[in-house]
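Single-letter residue listing:
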Amino acid sequence: MERVLESMSFLPPLGGAGRGRGPDDGGRGPDDASGGPGRDEGPREESPGEVLPGLTRAEYHGGGRRGPQPASPPPRGPAGRGGLPRALGLTAIGTVLPGAGLTRTRYRVLGWVLVAAALLGVLLLVGWVVRNGALTSALDVATRPGMLRTVAVLLVVGALGWAGTVVLTAVTARPRPMTGTQRGALAGFTALMCLVLAAPVAVGLWYIGAHTAAVDKIFVPSADGPAATERPNMEEEDPWAHLERVNVLLLGSDAGDNREGLRTDSMIVASVDTQSGDMVMFSVPRNLEDVPIPASLPLAQKWPNGYDCGAECLMNGIWTEAEAHAEEHPGLYPGDTEPGLVATREVLSAVLGLPIQHTVIVNLAGFQDLVDAMGGVHINVQERVPMGGVNATDAQGNTYLVPGTENGWIEEGPQHLNGRQALWYARSRVTTDDFSRMRRQRCVVAALVDQVNPLSMLQRYPQIAAAAGDNVSVDIDTGDLPAWAQLVERVQNGTIQSLPFTIENTNVADPDFDRIRARVQRAIEPPEPPAATASPGQDTGGATATADEEETGQAEPTPPEEAQEQEDEEPTDQLADVGAVC
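All values derive from a computational prediction rather than experimental measurement.

How do you make sense of the overall build of the chain when you look at a structure like this?
Helix and strand content of the chain: 19 helices and 17 strands. Across the chain, every contact between residues at least 6 apart in sequence was considered, and the portion connecting residues at least 24 apart equals 68%. Only carbon and sulfur atoms are counted for the fraction: they give 57% of the accessible area of the chain, which is about 31300 Å².

Next up, the structure:
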């Protein structure tokens, strides 16, 4: 009977002999106290916690023996809810938006603060870009190297802080306990998210580093720079309001191994209306003779009547002549570290009658790299041009290209030229002359200015910056760059005209400099068009209407039969839109 009762130990305890031990009587029946029948067995040892033989106290209170018990449920609360998928999801969300993952952990307050700060920063940035325009905003930052360096520091600090919130999210959201596999998966995923944050920051630092390095190398103000009245006023809303025009000298230098010193084979002065952005480019031939040398230059002591030694004294020799003179008489050039550049700029200023505020020097040997970095240039090729080649002179004194010496040809028609092709197109004169080359150089410059696309520039910017830094020098103070960025925008929205001085309109061996200066002034300040009643030859402003028509491009209507003939002619060397001659 006792065995039966033992087998029924899951039932509530009963009073009396043999009923087993209840929880409130110390394991004894009521008769045990008096030694009655309740003690029908001798003393026996009980294991700790055992209430009935083979049955522990927990089993007794829980209704007897049970099978294997399931593991305890995970602890409730943020850290244990959802397991590994939840931890991975919160970590990913925190990578997209700083602090977003923390909002579902015990650091929810910190998370919401970070989210609010991030959203506020984005709203302020978007508002600034919308107010100023995307291009203007980008140029404003790009032209301030100091600001860019501050941005670089903020990028590093921000990225480290953001990565820290990602790691904190993973740690606080991880399930407990974790298996080794789960722990490794979460750690690897967190590391991947940190790399996702680091990648764009690394690219941004690369761009900033390339840009600031290029700016430091390219923009080096000269010791004798323009006066404050000829520079943009950075304290005004329109820094160019006080300056009607700004004139920039573009020099293409060619210092080859087979040449003594530096030769300025390309000389273009770009005169820009600072309000409209309209630009006129004046090309000066390299073989211009008898150029005037201002008395303010030390070189004038050697050449008081101008550079007048015949065909050996050409405009492109002024640079080397001034350098040699400075070596012979250093006392005449105190503090002048670039006598060749200064002399070339001042002589060209005297030739054209224009004050030249700044100079841009492009090393033609590196021009190829610059064009390649920009992705090439679109040119409407006007004449077939060889790349390289050697010319010879026949018995009649005519020059010709020696067959087989060229390395290819640039064919007529619309072409997309790479750096090598663009370089030869701008400098070749084996089958043409200096004046044809001058026209092609203006076309290349205008095409590059016109085709500057912010998106393509951004994609290739490190390469462009590196090529420009090695081959371009500009004497503009970096503090003025934001104003120049505004001016470049205006130029792109304005018109570009060209006026070359060639044998078609100038006697290069005996030039009339007064006439050259008059043409320059009419180009930048066109006279009022003649009245409708004026006769074709009526004098207007000291020049005939026909002459003014030449300078302003306002020509009489051409009969249809003559128009076709003019289309087939070489472009005339008069003031015209660049598109008309390129």
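Before we go on, may I ask you to explain the state of the cysteines in this structure?
When the sulfur atoms of two cysteines share a covalent bond, that bond is a disulfide. Counting across every chain of the model gives one disulfide. The partner cysteine of cysteine 309 in its disulfide is cysteine 313, sulfur to sulfur 1.3 Å. Disulfide cysteine 309 to cysteine 313: torsion about the S-S bond roughly 95°, handedness right-handed.

I would appreciate a short explanation of unusual backbone geometry in the present structure.
Across residues other than glycine, the phi torsion is negative in most instances, and most of the peptide bonds are trans. Looking along the chain, the bond that leaves arginine 176 and enters proline 177 is cis, with omega of -10°. For aspartate 290, which is not glycine, the phi torsion reads 55° and is therefore positive. As for its placement among the helices and strands, aspartate 290 is situated in the loop between strand S5 (279–283) and helix H8 (318–328).

So what exactly am I meant to see when it comes to the pattern of salt bridges here?
Pairing is possible between side chains that carry opposite charge, provided their charged atoms lie close to one another. Under the definition given, this model contains ten salt bridges. In this structure, arginine 490 engages aspartate 238 in a salt bridge whose closest nitrogen and oxygen atoms are separated by 3.3 Å. With arginine 490 in helix H15 (residues 481–493) and aspartate 238 in the loop between helix H7 (180–218) and strand S3 (245–254), the pair connects residues that are 252 residues apart, well separated along the chain. With a shortest N-O distance of 2.9 Å, glutamate 411 and arginine 384 are connected by a salt bridge. One end of the pair, glutamate 411, is in the loop between strand S11 (406–410) and strand S12 (413–417); the other, arginine 384, is in the loop between strand S7 (377–381) and strand S8 (385–388), with 27 residues separating them in the sequence. Salt bridges sharing partners connect three or more residues here, namely Glu383, Arg439 and Arg440.

It is not clear to me how the environment of threonine 95 should be interpreted in this structure. Could you clarify?
Turning to its location among the elements, threonine 95 is positioned in helix H3 (residues 83–96). Put simply, threonine 95 and valine 166 are 71 residues apart on the chain and 6.2 Å apart in space, counted from C-alpha to C-alpha.

Looking at this structure, I do not really get a nonpolar patch on the surface. What am I missing?
A cluster of nonpolar residues, Met147, Val151, Leu155, Val156, Leu160 and Leu205, forms a patch on the protein surface that exposes about 440 Å² of accessible area. Here the nonpolar patch gets five residues from one element, more than from any other, and that element is helix H6 (residues 145–173). With respect to the helices and strands, the residue leucine 155 is situated in helix H6. For leucine 155, a relative accessible area of 30% gives the class partly exposed.

Can you walk me through the packing of aromatic side chains in this structure?
Any aromatic ring pair is given by two values, namely how distant the centres are and how the planes are angled relative to each other. Applying the stated rule across the entire model yields three aromatic pairs. Look at tryptophan 240 and tryptophan 484: their rings are 5.1 Å apart centre to centre, the planes differ by 85°, and that puts the pair in the edge-to-face class. Of this pair, tryptophan 240 sits in the loop between H7 and S3 while tryptophan 484 is found in helix H15, placing the two residues 244 residues apart along the sequence. On the accessibility criterion, tryptophan 240 (0% relative accessible area) is buried. Plain terms: the ring middles of tryptophan 303 and tyrosine 307 are 5.2 Å apart, the flat faces sit at 85° to each other, and that makes the pair edge-to-face. Exposure class is identical for tryptophan 303 and tyrosine 307. Each is buried. Over the face of the ring belonging to tyrosine 425 we find arginine 440, whose NZ or CZ atom lies 5.7 Å from the ring centre.

What's the story with H8 in this structure? I'm lost.
Residues lying three or four places apart along an α-helix face the same way, a consequence of the helix completing one turn every 3.6 residues. Considered for burial, the residues of H8 that qualify are Ile318, Trp319, Glu321, Ala322, His325 and Ala326. Along the axis of H8, the buried residues cluster in a sector spanning 165°; they form a single face. Within H8, the exposed residues directed more than 90 degrees away from the buried face are Glu327 and Glu328.

Please explain H7 as it appears in this structure.
Between its terminal C-alpha atoms H7 stretches 56 Å, which fits the 57 Å expected from 39 residues at 1.5 Å a residue. Residues of H7 that are buried sit in contact with H3, helix H5 (134–142), H6, helix H14 (461–471), strand S13 (472–474) and H15.

Can you help me understand the nonpolar core in this one?
Here is a general trend for soluble globular proteins: nonpolar side chains tend to be buried in one another's company. Membership of the largest hydrophobic core comes to 50 residues, with the highest contact counts inside it found for Phe367, Val377, Ile379, Tyr425 and Val472. With sequence-adjacent residues up to four places away left out, phenylalanine 367 is seen in contact with Val362, Ala422, Leu423, Val444 and Leu448.

Is there a simple way to think about the packing of helix H11 (residues 419–427) against helix H12 (residues 434–450) in this case?
Packed helices, taken two at a time, are described by the angle between their axes plus the distance between the axes. Direction vectors running N to C along H11 and H12 enclose 140°, while the axes themselves pass 7 Å from each other. With respect to their mutual orientation, H11 and H12 come out oblique. For the pair H11 and H12, the contacting residues are Trp424, Tyr425, Ala426 and Arg427 in the first and Arg437, Arg440, Gln441 and Val444 in the second. Considering only residue class, the contact of H11 with H12 consists of four nonpolar, one polar and three charged.

What counts, and at which threshold
Residues numbered from 1 in each chain as written. Predicted model: local features only at pLDDT ≥ 70, side-chain atom pairs only at ≥ 80, totals over all residues. Heavy atoms only, no water. Helix = DSSP H or I, 4+ residues; strand = E, 2+ residues; numbered from the N terminus. Contact = heavy atoms within 4.5 Å. Areas by Shrake-Rupley, 256 points an atom, 1.4 Å probe, with all protein chains shown as cover. Disulfide = S-S within 2.5 Å. Salt bridge = Lys/Arg side-chain N within 4 Å of Asp/Glu carboxyl O. Patch = residues over 30% accessible without salt bridge, like charges linked within 9 Å, V, L, I, M, F, W, Y side chains within 5 Å. Buried < 20%, exposed > 50% of the residue type's maximum accessible area, 1.4 Å probe, protein only. Phe/Tyr/Trp six-rings, centres within 6.5 Å; stacked < 30°, edge-to-face > 60°. Lys NZ or Arg CZ within 6 Å of the ring centre and 35° of its normal. Arc of directions from axis to C-beta. Expected span 1.5 Å × (residues − 1). Core = buried A, V, L, I, M, F, W, Y, C linked by side-chain atoms within 4.5 Å. Axes fitted to C-alpha atoms, helices over the stretch in contact; angles between N-to-C directions. Parallel < 35°, antiparallel > 145°, perpendicular 65-115°, else oblique. Nonpolar A, V, L, I, M, F, W, Y, C, P; charged D, E, K, R; others polar.

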